[in-house]
Amino acid sequence: DAKTTQPTSMDCAEGRAANLPCNHSTISGNEYVYWYRQIHSQGPQYIIHGLKNNETNEMASLIITEDRKSSTLILPHATLRDTAVYYCIVRVRGTGNQFYFGTGTSLTVIP
Amino acid sequence: ETGVTQTPRHLVMGMTNKKSLKCEQHLGHNAMYWYKQSAKKPLELMFVYNFKEQTENNSVPSRFSPECPNSSHLFLHLHTLQPEDSALYLCASSQDYGGAGANVLTFGAGSRLTVL
């Protein structure tokens, strides 16, 4: 199963870049990596996704290693509103392509 | 507002009540999902509907009964629930389900259910 491993928690100073790592060593060749975040008691919010190349949008950048076994989500200038749980997600083959959310990384942005 | 609307946002019910959660999306998506999120646990997929047909049922107890009358609406009917069913119930939609390409989920804000 292409599951993910993330640190349980991280802190980041406000205004600094937040780098959130994720391991997905069993990901299949054609599977995307997705990142979502969930602010307390709200629905998860889509951030970014990628397949092989690095990606950037208005929210974040996604760096995927060449072997695709890990990735890093980068929030370039973290603000207090970025405090949330961040999920790195892949689909799990053999289960109808269901998404595996895991427990994510709880990011706290410190003033 | 994400384009996926869930009502009610909060629901308190007794174990003998019958209630329903509603989800509506105006994104033109063809797949809709129910997820359950209990305290300090990962999101658990409950049901998936693709083009109004149920494609996934993750061994959910029969006291949860989904209904998908069309691609824009999804219901979760609740009957004879237990206190351990108290959780945040999240609805999501996506363009389709199980395709080879990217499949981005759009979530609603959730319905917080408390069973007394």
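Shown above is the structure to which this text applies.
Because the structure is a prediction, the values reported are computed rather than measured.

Cut-off values and rules
Residues numbered from 1 in each chain as written. Chains lettered and ligands numbered in written order. Predicted model: local features only at pLDDT ≥ 70, side-chain atom pairs only at ≥ 80, totals over all residues. Heavy atoms only, no water. Contact = heavy atoms within 4.5 Å. Buried area = accessible area lost by both parts, 1.4 Å probe. Salt bridge = Lys/Arg side-chain N within 4 Å of Asp/Glu carboxyl O. Polar contact = N/O pair within 3.5 Å; in protein donor to acceptor, adjacent residues only side chain to side chain. Helix = DSSP H or I, 4+ residues; strand = E, 2+ residues; numbered from the N terminus. Nonpolar A, V, L, I, M, F, W, Y, C, P; charged D, E, K, R; others polar. Pairing = 2+ DSSP bridges. Core = buried A, V, L, I, M, F, W, Y, C linked by side-chain atoms within 4.5 Å. Buried < 20%, exposed > 50% of the residue type's maximum accessible area, 1.4 Å probe, protein only. Axes fitted to C-alpha atoms, helices over the stretch in contact; angles between N-to-C directions.

## Comments concerning the interface of chain A and chain B
Logical step 1: Contacts between the two partners involve 21 residues from chain A and, on the opposite side, 22 residues from chain B.
Logical step 2: Carbon and sulfur atoms make up 53% of the surface buried where chain A meets chain B, a total of about 1,700 Å² over both sides.
Logical step 3: Three residues stand out in chain A for area buried against chain B, namely Gln98, Phe99 and Phe101 of chain A, and they jointly supply 28% of the buried area on that side.
Logical step 4: Counting across the chain A and chain B interface gives 0 salt bridges.
Logical step 5: Counting across the chain A and chain B interface gives 4 residue pairs in polar contact (both at pLDDT 80 or more).
Logical step 6: Looking at the side of chain A that touches chain B, the elements that each hand over two or more residues are strand E3 (33–38), strand E4 (45–50), strand E8 (84–92) and strand E9 (98–100) of chain A.
Logical step 7: If one sorts the elements of the side of chain A that touches chain B by residue count, E3 of chain A sits on top with 3 residues.
Logical step 8: Taken together, the residues of the side of chain A that touches chain B sort by class into 8 nonpolar, 12 polar and 1 charged.

## Description of the sheet that holds strand E7 (residues 70–75) of chain A
Either a parallel or an antiparallel arrangement is found when strands of a sheet pair, and the pairing is made through backbone hydrogen bonds.
Residues and elements named next belong to chain A.
Logical step 1: Taken in spatial order, the 4 strands line up as E2-E7-E6-E5 in an open sheet, and their pairing is antiparallel. The strands lining the two open edges of the sheet, one partner per strand, are strand E2 (18–23) and strand E5 (55–56).
Logical step 2: In this sheet, E7 lies alongside strand E6 (residues 61–64) in antiparallel orientation, the contact comprising 4 bridges. Note on E7: the bridge partner recorded for leucine 62 is leucine 73.

## Some points on the nonpolar core
Considering soluble globular proteins, one finds that nonpolar side chains tend to be buried as a cluster.
Logical step 1: The biggest cluster of nonpolar side chains holds 22 residues, and the ones touching the most others in it are Trp34, Phe64, Leu76 and Leu78 of chain B.
Logical step 2: Among the elements of the structure, strand E2 (10–13), strand E3 (18–25), strand E4 (31–37), strand E5 (44–50), strand E7 (64–70), strand E8 (73–79), strand E9 (87–94) and strand E11 (111–115) of chain B are those that each provide at least two residues to this core.
Logical step 3: Excluding its chain neighbours within four sequence positions, the residues that come into contact with leucine 78 of chain B are Leu11, Met13, Asn17, Lys18, Lys19, Leu21, Arg63, Phe64 and Leu113 of chain B.
Logical step 4: Ile27, Ala60, Leu75 and Val109 of chain A belong to the second-largest nonpolar core, a separate cluster that totals 21 residues.

## Examining the sheet that holds strand E1 (residues 4–7) of chain B
Residues and elements named next belong to chain B.
Logical step 1: Here we have 4 strands laid out as an open sheet, ordered E1-E3-E8-E7, and antiparallel in their pairing. Lying at the two open borders of the sheet, with one neighbouring strand each, are E1 and E7. The average angle at which neighbouring strand axes cross in this sheet is 15 degrees, direction not considered.
Logical step 2: Here 7 bridges tie E3 to E8, and the two strands are oriented antiparallel to one another. Within the sheet, the bridge partner assigned to leucine 21 lies in E8 and is leucine 76.

## A few points about the pairing of strand E6 (residues 53–57) of chain B
Residue and element names in this part refer to chain B.
Logical step 1: Note that E5 and E6 share 4 bridges and pair antiparallel. Looking at E6, one finds that tyrosine 49 is bridged to glutamine 54.
Logical step 2: Connecting the antiparallel pair E5 and E6 is a turn made up of 2 residues, with phenylalanine 51 showing a positive phi of about 50 degrees.

## Comments concerning the environment of isoleucine 48 of chain A
Residues and elements named next belong to chain A.
Logical step 1: Within the secondary structure, isoleucine 48 is located in strand E4.
Logical step 2: On a C-alpha basis, the gap between isoleucine 48 and valine 33 in space is 8.5 Å, while along the polypeptide they are 15 residues apart.
Logical step 3: Excluding anything up to four places from it in sequence, isoleucine 48 contacts Val33, Tyr34, Trp35, Glu55, Thr56, Asn57, Ala60, Ser61, Leu62 and Leu73.

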